[in-house]
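Residue strings, one per chain:
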Amino acid sequence: ASGNLLSFLSDELDRAFKPRNDEVSLAFVEGKDIRIPISTAFPSDFIFPGSFNPIHDAHIAIIDYLAERYNVCVDLEISIDNVDKPSLDIGQIVSRVNKISKVKNVGGVWLTKRPKFIQKTAMFKDSTFVMGSDTLERMFSDKYAESLTEINDILTNLKTNNSNIVMFDRVR
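The structure presented is a predicted model; accordingly, all values stated were derived computationally and were not measured.

Peer 1: How do you make sense of the environment of Lys113 when you look at a structure like this?
Peer 2: Note on placement: Lys113 falls in the loop between strand S4 (106–112) and helix H5 (117–123). By relative accessible area, which is 32% here, Lys113 ends up partly exposed. Distance from Lys113 to Ile80, taken between C-alpha atoms, is 5.3 Å for residues 33 residues apart in sequence.

Peer 1: Just to check I follow, could you spell out the side chain of Ser127 for this structure?
Peer 2: Mapped onto the fold, Ser127 is located in the loop between H5 and strand S5 (128–132). At 3.3 Å, the side chain of Ser127 forms a polar contact with the backbone oxygen of Phe124. Filtering out sequence-adjacent residues up to four positions away, Ser127 remains in contact with Asp45, Ile47, Asn162, Ser163 and Asn164.

Peer 1: Explanation requested: the sheet that holds S5 in the structure shown.
Peer 2: Picture the strands of a sheet paired through backbone hydrogen bonds; they go either parallel or antiparallel. Taking strand neighbours across the sheet as the criterion, the six strands line up as S1-S4-S3-S2-S5-S6 in an open arrangement whose pairing is mixed. Here the strands that pair on one side only, and so sit at the sheet edges, are strand S1 (34–37) and strand S6 (164–168). Here the average twist between neighbouring strands, direction ignored, is 30°. Relative to S6, S5 runs parallel, the two being bridged by five bridges. Bridge pairing links Met131 to Met167 in S6. Helix H3 (residues 57–70) contacts strand S2 (46–49), strand S3 (74–79), S4, S5 and S6 of the sheet and is inclined by roughly 175° relative to S2.

Peer 1: Looking at this structure, I do not really get the side chain of Asp75. What am I missing?
Peer 2: Here Asp75 is to be found in strand S3. By relative accessible area, Asp75 is classed as buried at 0%. Polar side-chain contacts of Asp75 include one of 2.8 Å to the side chain of Arg35. In this structure, Asp75 is in contact with Arg35, Pro43, Ser44, Phe46, Ile47, Phe48, Gly107, Gly108 and Trp110, ignoring residues within four places of it in sequence.

Reading the values: rules and limits
Residues numbered from 1 in each chain as written. Predicted model: local features only at pLDDT ≥ 70, side-chain atom pairs only at ≥ 80, totals over all residues. Heavy atoms only, no water. Helix = DSSP H or I, 4+ residues; strand = E, 2+ residues; numbered from the N terminus. Buried < 20%, exposed > 50% of the residue type's maximum accessible area, 1.4 Å probe, protein only. Polar contact = N/O pair within 3.5 Å; in protein donor to acceptor, adjacent residues only side chain to side chain. Contact = heavy atoms within 4.5 Å. Pairing = 2+ DSSP bridges. Axes fitted to C-alpha atoms, helices over the stretch in contact; angles between N-to-C directions.

Structure follows, in structure tokens:
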């Protein structure tokens, strides 16, 4: 049965992004974090976590602002697992990455199994996390940070890992 799954994954990924199908299969089958290059081979210092379902004008405005202001491409991070929703399947990931690949100033897309921000801070050292005010608010809610100790750990990880947060207010 796992051979059929791998065959299906490989066929779907061949259609979406040929150069990385083996690595993307590893992200799903073995839970490895991988980066799919979109416009640059080199990872960005700006990490924009989200579900990007779909990537919309506000996301693109943030990406474009950062690109213009800091002369960078921005890497997006999509966690296959999510605190609020069921895990993503291969079709959902392929669809989202295909749409994201059409957006200028996106350097790459990280696929991870790190639904909580504390897990992201441990992975992306020396990074600036990009987020909307609603995401920042949720990050410190009971659902995402189970205790004051975990909130303190998030802040400690940011400091220890030389990471920052840049927050954008939600456009209403």
